[in-house]
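# Coordinates in review
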Amino acid sequence: MRRIILPLTAALTLTGISILTARAHSGLETDQAAPGTYKAVIRIPHGCDGQATNTVHVVIPEGYVGAKPMAKPGWTVTTVKGDYAKAYSQHGQPLTSGVKEVIWSGGDLPDDLFDDFVLTGTLADVQPGQKLYFKTMQTCATASVAWDQEPAEGQDAHSLEHPAPSLTIVAASGGEHEHAGHGAAAVTAGDLEITSAWARAMLPGQPAGGGYLSITNKGSEADRLLAISSPAAGKA
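The residue numbering used here restarts from 1 in each chain and proceeds along that chain's sequence as written. Per-residue local features are limited, in this predicted model, to residues with pLDDT of at least 70; the limit for side-chain atom pairs, both in listing and counting, is 80 or more; totals at the level of whole chains, interfaces and linings are taken over all residues. Values reported for side chains reflect all heavy atoms of the structure, with hydrogen atoms and water molecules removed beforehand.

### Let's talk about the nonpolar core
Here, nonpolar core means buried Ala, Val, Leu, Ile, Met, Phe, Trp, Tyr and Cys residues that are tied together by side-chain atoms lying within 4.5 Å of each other. Residue burial is assigned from relative accessible area. The probe radius is 1.4 Å, only protein chains are included, and a residue is buried under 20% of its type maximum, exposed over 50%, and partly exposed in between. Counting residues in each nonpolar core, the largest one holds 24 residues, and the members touching the most others are Y38, Y64, L119, L123 and F134. Only DSSP runs of H or I covering at least 4 residues are called helices, and only runs of E covering at least 2 are called strands; the numbering of each starts at the N terminus. If you list the elements that add at least two residues to this core, you get strand 4 (36-44), strand 5 (53-59), strand 6 (64-69), strand 8 (93-109), strand 9 (115-123) and strand 13 (166-169). Throughout, a contact is declared for two residues whenever any of their heavy atoms are within 4.5 Å. Look past the residues within four positions of Y64 in its chain and what remains in contact with it is Y38, K39, A40, L119, T120, G121, T122, L123, L132 and F134.

Here it is, written out as structure tokens:
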């Protein structure tokens, strides 16, 4: 059985777009999720005192296991692996170690632009109401910004100067194969099961958007993706 995450590029018109302010905090695109597969999209909103960002270093919180970073054109991706604080169960097998830190380096993200840095993994042995903090360090030529502050009990995270991107765990509402943070129902096509289809909101004037889905091949023969089309887009 093979599980493939496929990025789709399409010309879409979407509403509910969030506009970033110039000095916005770093954060997660989806900041609530149920236990299960979760795609962490960490947004870097600006540089360091006007300087371009060259390195983004994310520390993986306990409870987010099997983390895998997405490749990013123009950046080198490295990982630091280690033992988890306890053993987890994944696909019926014990999981005791994995990626603990991810570093994107060698890039050039200007101060007046923002970008997303993406991980995929599993939220395991977490409870509703629990918060996970993806502490992030962005480094520029001669300065850095550490998004690593956790609010004290009863404190509003927005009152912090550099709050760590945080995820709040919510109760599961779908099947075990449903993507956390995205509620699309599963669709079957022969031996293929398609789940977790979603599209990212676009900024005004943006000519293309991104869509994502997971395909599980439950058959005994390999399949190939030959073409993509969508009634919502002129090109895919």
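### With respect to the sheet that holds strand 2 (residues 27-28)
A strand pair is defined by DSSP finding two or more bridges across the two strands. With antiparallel pairing, four strands are arranged side by side in an open sheet as 2-4-9-6. The open sheet has two edge strands, strand 2 and strand 6, and neither has a second partner. Where strand 6 lies against strand 9, four bridges are found, and the strand directions are antiparallel. Across the sheet, K68 pairs through a bridge with T120, a residue of strand 9.

### Regarding the sheet that holds strand 8
As summarised here, the arrangement of the five strands in space is 7-8-5-11-12, forming an open sheet in which the pairing is antiparallel. Sheet topology places strand 7 (76-90) and strand 12 (144-147) at the edges, where each strand pairs with a single neighbour. Across the sheet, the axes of successive neighbouring strands diverge by a mean angle of 15°, strand direction being ignored. Pairing of strand 5 with strand 11 (residues 136-140) involves five bridges; the strand directions are antiparallel. Bridge pairing links H57 to M137 in strand 11. Working convention: axes come from line fits to C-alpha atoms, limited for helices to the stretch in contact. Angles between N-to-C directions cover 0 to 180 degrees.

### Brief notes about the packing of aromatic side chains
Side-chain rings of Phe, Tyr and Trp (the six-membered ring for Trp) are treated as a pair once their centres are within 6.5 Å; stacked means planes under 30 degrees apart, edge-to-face means over 60, and tilted covers the remaining angles. Counting across every chain of the model gives five aromatic pairs. Note on Y38 and Y64: the rings are 6.0 Å apart at their centroids and 75° apart in plane angle, and the pair reads as edge-to-face. Here Y38, found in strand 4, pairs with Y64, found in strand 6; they are 26 residues apart in sequence, far enough to count as distant. We note that Y38, like Y64, is buried. Ring centres 5.2 Å apart and planes at 85° place the aromatic pair W75 and F117 in the edge-to-face group. Pair noted here: W75 is in the loop between strand 6 and strand 7 and F117 is in strand 9, with a separation of 42 residues, a long-range link. In this pair, the class of W75 matches that of F117, namely buried. Placement of a charge over a ring requires the Lys NZ or Arg CZ to be within 6 Å of the ring centre, with the centre-to-atom vector within 35 degrees of the ring normal. Above the plane of the ring of F117 lies K72, whose end atom (NZ or CZ) is 4.7 Å from the centre.

### Let's talk about the side chain of T53
Within the secondary structure layout, T53 lies in strand 5. At a separation of 2.8 Å, a polar atom in the side chain of T53 contacts the side chain of Q138. For T53, the residues in contact, after removing those within four places along its chain, are I44, H46, G47, W75, G107, D108, L109, Q138, T139 and C140. Pairing of N or O atoms within 3.5 Å defines a polar contact, subject to two protein rules: one partner must be a possible hydrogen donor and the other a possible acceptor, and residues neighboring in sequence count only if both atoms are side-chain atoms.

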